[in-house]
Amino acid sequence: VVAAYLEQYQLYMDSVEQAMNYVDSGTVVLGDDLAEINLSNTYKYLNPEQSAFVLTQVWGNPPQEVLGMLFPQASSIMDTSSYAIIISYDESGHIKDEDAADLDYDDLLEEMQEDTDAGNEYRIEEGYEPIELVGWASSPYYDGEEKKLHLAKELKFGESEVNTLNYNLRVLGRRGYLELNFIGDMGILPLVQNDIPTLMPSVNFKEGNTYFDFDPDLDDVAAYGIGGLIAGKVLAKAGFFALLAKFWKFIAIGAVAAFGALKR
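Residues numbered from 1 in each chain as written. Predicted model: local features only at pLDDT ≥ 70, side-chain atom pairs only at ≥ 80, totals over all residues. Heavy atoms only, no water.

**Student:** What am I meant to see in the overall build of the protein chain here?
**Tutor:** A tally of helices and strands in the protein chain yields seven helices and ten strands. Counting across all 264 residues of the protein chain, residues that qualify as buried make up 50%. Taking all contacts inside the protein chain whose residues are at least 6 apart in sequence as the whole, residues at least 24 apart take part in 63%. Per element, the accessible surface of the protein chain, about 12700 Å² overall, is 49% carbon and sulfur. (Helix = DSSP H or I, 4+ residues; strand = E, 2+ residues; numbered from the N terminus. Buried < 20%, exposed > 50% of the residue type's maximum accessible area, 1.4 Å probe, protein only. Contact = heavy atoms within 4.5 Å. Areas by Shrake-Rupley, 256 points an atom, 1.4 Å probe, with all protein chains shown as cover.)

**Student:** Is there a simple way to explain the side chain of Asp185 in this structure?
**Tutor:** Examined against the element boundaries, Asp185 turns out to sit in strand β9 (residues 177–185). The class of Asp185 is buried, set by a relative accessible area of 9%. Side-chain polar atoms of Asp185 contact the backbone nitrogen of Gly187, separated by 2.9 Å. (Polar contact = N/O pair within 3.5 Å; in protein donor to acceptor, adjacent residues only side chain to side chain.)

**Student:** Sorry, what's going on with the sheet that holds strand β5 (residues 84–90) here?
**Tutor:** Sheets are built from strands paired through backbone hydrogen bonds, the pairs being either parallel or antiparallel. Spatially, the seven strands line up as an open sheet ordered β3-β4-β5-β9-β8-β7-β6, and their pairing is antiparallel. Unpaired on one side and paired on the other, β3 (43–46) and β6 (131–143) mark the two borders of the sheet. Averaged over all pairs of adjacent strands, the angle between strand axes in this sheet comes to 20°, irrespective of strand direction. Looking at chain direction, strand β7 (residues 148–157) and strand β8 (residues 164–172) are connected through eight bridges and run antiparallel. (Pairing = 2+ DSSP bridges. Axes fitted to C-alpha atoms, helices over the stretch in contact; angles between N-to-C directions.)

**Student:** Help me understand the nonpolar core, please; the structure alone is not making it clear to me.
**Tutor:** Generally speaking, nonpolar side chains in soluble globular proteins are found buried as a group. Judged by nonpolar contacts, the single largest core of 30 residues is most densely connected at Leu30, Leu70, Ile87, Leu178, Leu180 and Phe182. Sorting the residues of this core by element identifies β1 (27–30), β2 (35–38), β3, β5, β8, β9, α4 (189–199) and β10 (203–205) as the ones contributing at least two each. By size, the runner-up hydrophobic cluster in this structure holds 22 residues, among which are Ile95, Met112, Tyr142 and Tyr177. (Core = buried A, V, L, I, M, F, W, Y, C linked by side-chain atoms within 4.5 Å.)

Structure representation (structure tokens):
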């Protein structure tokens, strides 16, 4: 029974992968001419509709609005040895970065842990497991010249024995920020750190939407700076911590464990 179920499961996942319409070369435009990503024969892109299907129907995450997903060229949506990148955009205003040089990342981490705990009530009510923010997976870094923020968090979903990596690259723009959220287990952190230097310069807002296109007479300023963006105070109110994504591997691990118990 177990073998037959696993065979059907594999057939289903193979059919899902074959149905994915990746773009694997050239430049991808995000949103309504908002930003662009040069794939550089390194990544392949999945459109917003199919990305939403993968996140919710295949990986079991809460619904969320995304601009698409990226995968390393040689990987698939079920590749446990790699990672995926969720792309989203938040238009909450132009973010001033004068506070960046004076931030205490340990204090910000404590705030984030408290907000993550608070968000768990909503997650549990919606039928999702709670999240523990274990700590920084690597030290946060803000590139003031490129206006790009690096955040790497270690997360624990429910009772999972394997922790999740959420590595965020946030690109500041004229009216908000673009977020690239790398997800996988903690073991892929060295791979992400190796790939980031290639990806970072290839993701940019288009002319008219860049950080330097900000017009104080036309554009709103965000109610928070870099510290607020990191701590997620505004985002937490919007349910951000309830929507943190998990990688598919943890669903598979749970399924295999259940099959093992059934077999025994």
